[in-house]
Amino acid sequence: MTLLQVFNRYLRMGGEEKSVDRIHGHAALRHEVPRCLFDSHDWIGPHAPCSLRQAACFFYNPASARQFEQSVSETGAQAAMFHNIYPVGSPSLYRSALRQHLPVIQYLHNYRPFSVGGSSFYDGQAQTAPLHGGYAGEVLAGAWQGHTKSLLCALMLQLLRRSGWLESVKAWVTISQFMADLFAKHGFVPRERLHVLRHSWDSMPQLPEIEDDGGYLFLGRLIPEKGLQPLIQAWHELRQHLGERTPALHIAGEGGLQSFIESAAAQNPSIHYLGHLSGEAKHNALRRCRALVAPSLWWEPLGIMIYEAYDYAKPVLAARSGGLIETVQHGQTGLLHTPGDVSAIVQDVLAFESMSQDQHRLLGDHARQWLLRETSVSAWQDKFDHMLQSIA
């Protein structure tokens, strides 16, 4: 099958774009997968469209529709696979696909197009209102780049829900069972069009030489959804309880909470901010840590950082949140705590500290085995092909 992959690149490359590239590579082993790409950078700088034109094009961008239609014509695509299409691609792509009778596979890496901010998170917790079309809370919270753009996005999503253009989507692909169940219960996605396809992973052929420096590692965006505030509070309490014996917490990433993290590191000698990590620096951080921490407050769709930790045979201390409950097996590959529960985070760290090195290694071995068993490329390809058959 010739399958046109459609993606609007973000201003900064992150986990979703890496997953999109991985999907492309693995699907292309069995199918023709040309690409139609848009770039958010086109809407910033001196050559960007004026604000009023951007506002109109956010809902319907005729230039993007033409680019998409040209790609379909040139490639002879039999279906289109959409990932993120905002802001440059726009919902005009759904209308174009519908007019061409081209079936669309919509990959759901987060909660958009049913959430203004994509996370369905505001007022300190995950919310179901956006999934029903209730966007007032997200607009008041400025969930997407402030109040004005949040309002614009809410209006666009309301129009999209009423347009009928989403009928072009013949398969909605979620990356966890949790997401599929949530959409089936609260969204207007037909259950028969929902497919669960957890990400595959190119595991390292051989486990590198790993160490245990006694420290815990956080990898991710520095935003409230990721549970950084309760994590920091837990480390302050650990410092009060253990004093100099408190294990190190290394935080790597960038985002709006950077100054909060830097302030916490200045107050607590056990907290260390590493900034953005990539390449060899990231490799060494994963290779040497005792465990990864993933205290997410939002419904984490899957949590690709879990895969990264498991690839290094590192267990994970995670919140019982979203897709994390499917990738972290309590007592087998790590420990799970109630999201936002500071005391529970403290108790999990203390429990982990009371374990022997052999117990740590056993958890890490189970984690690596889970990754190799559950994320094989060939198994993903078989499930992907089965999903394609449903739209043929």
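The structure displayed is predicted, hence computed values, not measured ones.

Looking now at the sheet that holds strand β11 (residues 271-275). Taken together, six strands build an open sheet; the order of strands is β11-β10-β9-β12-β13-β14 and the sheet is parallel. Single-partner strands in this sheet number two, and they are β11 and β14 (334-337). Taking each pair of neighbouring strands and ignoring which way they run, the sheet shows an average axis angle of 20°. Here three bridges tie strand β12 (residues 291-294) to strand β13 (residues 316-319), and the two strands are oriented parallel to one another. Note on β13: the bridge partner recorded for Val-293 is Leu-317. Each of β9 (216-219), β10 (249-252), β11 and β12 touches helix α8 (residues 228-242); the most contacted strand, β10, lies at about 160° to it. The sheet strands contacting helix α11 (residues 304-311) are β9, β12 and β13, and the helix crosses β12 at an angle near 175°.

The next point concerns the side chain of Lys-314. Relative to the elements of secondary structure, Lys-314 occurs in the loop between α11 and β13. One buried charge, Lys-314, has no salt-bridge partner; the nearest side chain with opposite charge is Asp-212, at 5.8 Å. One polar contact links the side chain of Lys-314 to the main-chain carbonyl oxygen of Arg-287, over a distance of 3.1 Å. Not counting the four nearest positions on each side in its chain, Lys-314 is found in contact with Ile-210, Glu-211, Leu-286, Arg-287, Arg-288, Cys-289, Arg-290, Ala-309, Gly-364 and Ala-367.

To continue, consider the sheet that holds strand β1 (residues 3-9). Taken in spatial order, the six strands line up as β2-β1-β3-β4-β7-β8 in an open sheet, and their pairing is parallel. The open sheet has two edge strands with one neighbour each: β2 (35-39) and β8 (194-196). Strand-to-strand twist across the sheet, computed as the mean angle between neighbouring axes with direction ignored, equals 20°. Where strand β7 (residues 169-174) lies against β8, three bridges are found, and the strand directions are parallel. What sits directly across from Thr-174, in β8, is Val-196. Here helix α7 (residues 177-186) sits on the sheet in contact with β4 (104-108), β7 and β8, set at roughly 165° to β8.

On to the environment of Gly-253, then. Mapped onto the elements of the fold, Gly-253 is located in the loop between β10 and α9 (258-267). For Gly-253, a relative accessible area of 7% corresponds to the buried category. Separated by 37 residues in the primary sequence, Gly-253 and Arg-290 place their C-alpha atoms 18 Å from one another. For Gly-253, the residues in contact, after removing those within four places along its chain, are Gly-220, Leu-222, Tyr-273, Gly-275 and His-276.

Locating Gly-275 in the fold gives a position in strand β11. Gly-275 gets classed as buried once you look at its relative accessible area, which sits at 13%. For the pair Gly-275 and Gly-253, spaced 22 residues apart in the sequence, the C-alpha separation amounts to 5.3 Å. The residues touching Gly-275, leaving out its near neighbours within four places in the chain, are Ile-251, Ala-252 and Gly-253.

Cis rather than trans, the peptide bond between Tyr-86 and Pro-87 has omega equal to 0°. Along the chain, the position of Pro-87 falls in the loop between β3 (79-82) and α4 (92-99). Between Arg-112 and the following residue, Pro-113, the backbone shows a cis peptide bond with an omega angle of 25°. When you line up the elements, Pro-113 lands in the loop between β4 and β5 (121-122).

Right, let's get into the pairing of β9. Along any regular strand, the residues point their side chains to alternate faces of the sheet. By the alternation rule, side chains of β9 split into Tyr-216 and Phe-218 and Leu-217 and Leu-219, which are all buried. In this region the chain leaves β9, passes through α8 and returns to the parallel neighbour β10; the handedness of that crossover is right-handed. By the bridge criterion, two bridges tie β9 to β12 in an arrangement that is parallel. Opposite Tyr-216, over in β12, you have Ala-291 as the bridge partner.

Under the counting rule described, the total for this entry stands at 20 aromatic pairs. Ring geometry for Tyr-60 and Trp-165: centres 6.1 Å apart, planes at 65°, overall edge-to-face. With Tyr-60 in the loop between α2 (51-59) and α3 (62-75) and Trp-165 in the loop between α6 (147-163) and β7, the pair connects residues that are 105 residues apart, well separated along the chain. Its relative accessible area of 14% is what places Trp-165 among the buried residues. Ring centres of Phe-114 and Phe-183 lie 5.2 Å apart, and the angle between their planes is 50°; on these two criteria the pair is classed as tilted. Of the two residues, Phe-114 is situated in the loop between β4 and β5 and Phe-183 in helix α7; the sequence distance between them amounts to 69 residues. By the burial criterion, Phe-114 is buried, and Phe-183 matches it. What links up through ring pairs into an aromatic cluster is the set Tyr-111, Phe-114, Trp-172, Phe-178, Phe-183, Phe-188, Trp-298 and Trp-299.

For helix α15 (residues 377-391), which comprises 15 residues, the first-to-last C-alpha distance of 22 Å matches the rise-based estimate of 21 Å (1.5 Å per residue) to within 8%. Taken together, the buried positions of α15 are occupied by Val-377, Trp-380, Gln-381, Phe-384, Asp-385, Met-387, Leu-388 and Ile-391. Along the axis of α15, the buried positions cluster into a sector of 160°, meaning they face one direction only. Opposite the buried face of α15, by more than 90 degrees, sit the exposed residues Lys-383, His-386 and Gln-389. Turning to α15, the residues buried within the fold contact β1, α1 (15-27), β3, β4, β7 and β8.

Thresholds, definitions, all that
Residues numbered from 1 in each chain as written. Predicted model: local features only at pLDDT ≥ 70, side-chain atom pairs only at ≥ 80, totals over all residues. Heavy atoms only, no water. Pairing = 2+ DSSP bridges. Helix = DSSP H or I, 4+ residues; strand = E, 2+ residues; numbered from the N terminus. Axes fitted to C-alpha atoms, helices over the stretch in contact; angles between N-to-C directions. Contact = heavy atoms within 4.5 Å. Buried < 20%, exposed > 50% of the residue type's maximum accessible area, 1.4 Å probe, protein only. Lys, Arg positive; Asp, Glu negative; His and termini not counted. Salt bridge = Lys/Arg side-chain N within 4 Å of Asp/Glu carboxyl O. Polar contact = N/O pair within 3.5 Å; in protein donor to acceptor, adjacent residues only side chain to side chain. Right-handed = clockwise from strand over helix to strand, strands pointing away. Phe/Tyr/Trp six-rings, centres within 6.5 Å; stacked < 30°, edge-to-face > 60°. Expected span 1.5 Å × (residues − 1). Arc of directions from axis to C-beta.

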